[in-house]
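Spelled out from the first residue to the last, the chains are:
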Amino acid sequence: MRWLRYLNQWRGTAKEAFEQVSIVAKFLCLIHVTDRYIISSTHVQGPSMLPTLNLTGDVILAEHLSHRFGKIGLGDIVLVRSPTDPTRMVTKRVLGLEGHRLSFSADPLVGDRSVSVVVPKGHVWIQGDNLYASTDSRNFGPVPYNLIEGKALLRVWPPRYFGSLR
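Since the structure is predicted, the reported quantities are computational estimates derived from the model, not experimental observations.

## Thoughts on the overall build of the protein
Part 1 of the argument: Regarding its fold elements, the protein presents 2 helices and 10 strands.
Part 2 of the argument: Traced from its N-terminal end to its C-terminal end, the protein shows the element sequence α-β-β-β-β-β-β-β-α-β-β-β.
Part 3 of the argument: Overall, the C-alpha framework of the protein stretches about 90 × 40 × 25 Å when taken along its three principal axes.
Part 4 of the argument: Looking at the protein as a whole, 33% of its 166 residues qualify as buried.
Part 5 of the argument: When the accessible surface of the protein is split by element, carbon and sulfur atoms take 61% of a total near 10800 Å².

## Considerations on the layout of surface pockets
Part 1 of the argument: A volume near 330 Å³ is recorded for the largest pocket.
Part 2 of the argument: What lines the largest pocket is a set of 22 residues, and nearest its centre among them are Gln 45, Ser 48, Arg 88, Val 90 and Lys 92.
Part 3 of the argument: When contributions to the lining of the largest pocket are tallied by element, the ones reaching two or more residues are β1 (39-44) and β4 (89-96).
Part 4 of the argument: Here the lining of the largest pocket takes 4 residues from β4, the largest share from any one element.
Part 5 of the argument: By residue class, the composition of the lining of the largest pocket is 9 nonpolar, 11 polar and 2 charged.

## Here's the deal with the environment of Trp 125
Part 1 of the argument: Checked against the element boundaries, Trp 125 lands in strand β7 (residues 123-127).
Part 2 of the argument: Given the relative accessible area of 2%, Trp 125 is considered buried.
Part 3 of the argument: Placed 33 residues apart in sequence, Trp 125 and Lys 92 show a C-alpha to C-alpha distance of 9.5 Å.
Part 4 of the argument: Ignoring any residue separated from it by four or fewer positions in sequence, one finds Trp 125 in contact with Arg 93, Val 94, Leu 95, Gly 96, Leu 102, Phe 104, Val 117, Val 119, Ser 137, Arg 138, Gly 141 and Pro 142.
Part 5 of the argument: At 2.8 Å, the side chain of Trp 125 forms a polar contact with the side chain of Gln 127.

## So, the side chain of Asn 130
Part 1 of the argument: Within the secondary structure, Asn 130 sits in the loop between β7 and α2 (137-140).
Part 2 of the argument: The exposure class of Asn 130 is buried, given its relative accessible area of 16%.

## Observations regarding the packing of aromatic side chains
Part 1 of the argument: This structure, assessed with the given rule, holds 0 aromatic pairs.
Part 2 of the argument: In this arrangement the basic side chain of Arg 36 is found over the ring face of Tyr 37, its NZ or CZ atom lying 5.6 Å from the centre.

## Comments concerning the pairing of strand β2 (residues 58-63)
Taken residue by residue, a regular strand's side chains alternate between the two faces of the sheet.
Part 1 of the argument: Both β1 and β2 contribute to a ladder of 6 bridges, which runs antiparallel. The partner of His 43 across the bridge, within β2, is Val 59.
Part 2 of the argument: Pairing of β2 with strand β9 (residues 148-157), which is carried by 5 bridges, proceeds in the antiparallel orientation. Within β9, the position partnered with Ala 62 by the bridge is Ala 152.

## Thoughts on the pattern of salt bridges
Two side chains with opposite charge may pair up if their charged atoms get near one another.
Part 1 of the argument: Under the criterion given, the structure shown has 6 salt bridges.
Part 2 of the argument: Linking Asp 129 and Arg 93 is a salt bridge whose minimum nitrogen-to-oxygen distance equals 2.9 Å. On the criterion of sequence distance, the pair formed by Asp 129 in the loop between β7 and α2 and Arg 93 in strand β4 is long-range, its members being 36 residues apart.
Part 3 of the argument: On the accessibility criterion, Arg 93 (13% relative accessible area) is buried.
Part 4 of the argument: Arg 138 is the salt-bridge partner of Asp 136, the closest N and O atoms lying 2.9 Å from each other.

## A word on a nonpolar patch on the surface
Part 1 of the argument: The grouping of Val 33, Tyr 37, Ile 38, Ile 39, Leu 65, Phe 69 and Leu 153 at the surface amounts to a nonpolar patch, some 590 Å² of accessible area in total.
Part 2 of the argument: Per-element tally for the nonpolar patch: the top contributor is helix α1 (residues 2-38), with 3 residues.
Part 3 of the argument: Exposure remark for Ile 38: the relative accessible area of 39% places this residue in the partly exposed category.

Conventions used here
Per chain, residues are indexed from 1 in the order of the written sequence. Thresholds applied to this predicted model are a pLDDT of at least 70 for local features of residues and 80 or more for the giving and counting of side-chain atom pairs; totals over whole chains, interfaces and linings are not thresholded and use all residues. Side-chain numbers come from the whole structure's heavy atoms, not from hydrogens or water. Where helices and strands are cited, they refer to DSSP runs of H or I of at least four residues and of E of at least two residues respectively, numbered from the N terminus. Burial classes follow relative accessibility: with a 1.4 Å probe on protein chains only, a residue under 20% of its type's maximum area counts as buried, one over 50% as exposed, and anything between as partly exposed. Per-residue accessibility takes into account occlusion by the displayed protein chains alone, with areas from the Shrake-Rupley method and a 1.4 Å probe. Using only the protein atoms, space was sampled on a 1 Å grid; points where a 1.4 Å probe fits but cannot get out form cavities, open sets with protein on both sides within 12 Å along at least five of seven lines form pockets, and lining residues are those with an atom within 4 Å of a point. Grid points are joined across faces, edges and corners, and a volume is the space filled by probe spheres set on the points. Charged means Asp, Glu, Lys or Arg here, nonpolar means Ala, Val, Leu, Ile, Met, Phe, Trp, Tyr, Cys or Pro, and polar covers whatever is left, Gly included. Throughout, a residue-residue contact means that at least one pair of heavy atoms, one from each residue, lies within 4.5 Å. Within 3.5 Å is the distance limit for a polar contact, defined as a pair of N or O atoms, with the added protein rule that one can donate a hydrogen and the other accept it, and that residues adjacent in sequence qualify only through two side-chain atoms. Aromatic contacts are taken between Phe, Tyr and Trp rings whose centres are within 6.5 Å, Trp giving its six-membered ring; a plane angle under 30 degrees counts as stacked, one over 60 as edge-to-face, and the others as tilted. In this analysis the charged atom, NZ for Lys or CZ for Arg, is taken to sit over a ring once it is within 6 Å of the ring centre and within 35 degrees of the ring normal. Any two strands with at least two DSSP-identified bridges between them are counted as paired. Put simply, a salt bridge is a Lys or Arg side-chain nitrogen that is within 4 Å of an Asp or Glu carboxyl oxygen. Here, patches come from residues exposed beyond 30% relative accessible area and free of salt bridges, joined within 9 Å for like charges and within 5 Å for nonpolar side chains (Val, Leu, Ile, Met, Phe, Trp, Tyr).

So this is what it looks like as structure tokens:
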């Protein structure tokens, strides 16, 4: 009998604790879904997107919906899973969509020999803004559309460069 009274005393506390844990779990799920499937902040750095993005790094907001609905266009800056190293994410500009014919300099450091390609169905052509320091479609060819992870919306850091990435 005494044991039953003791159990009833803790029932309310346990219920309240469970409700609080449930709220926290739902909130963490919401954060995960938002970050993975809707919008996220991403730190990007390196020379390949100079002068658009800083060498020392920028924080950008990237949305993860456009590519799911086929709304990636020419000139968009996209986050792409690297075709050569799937553990890395690269940030490049879309310069060609499926069916487009592109000509590019095979090696801008050596000469001006030009190469032409047609972007196959289901692929995009991506390049960094800094032709001399970018590993991109000129090196590994057209990228499958399903490797696109998001589209850059705006730079949020450093504050003096806050704004659109067009």
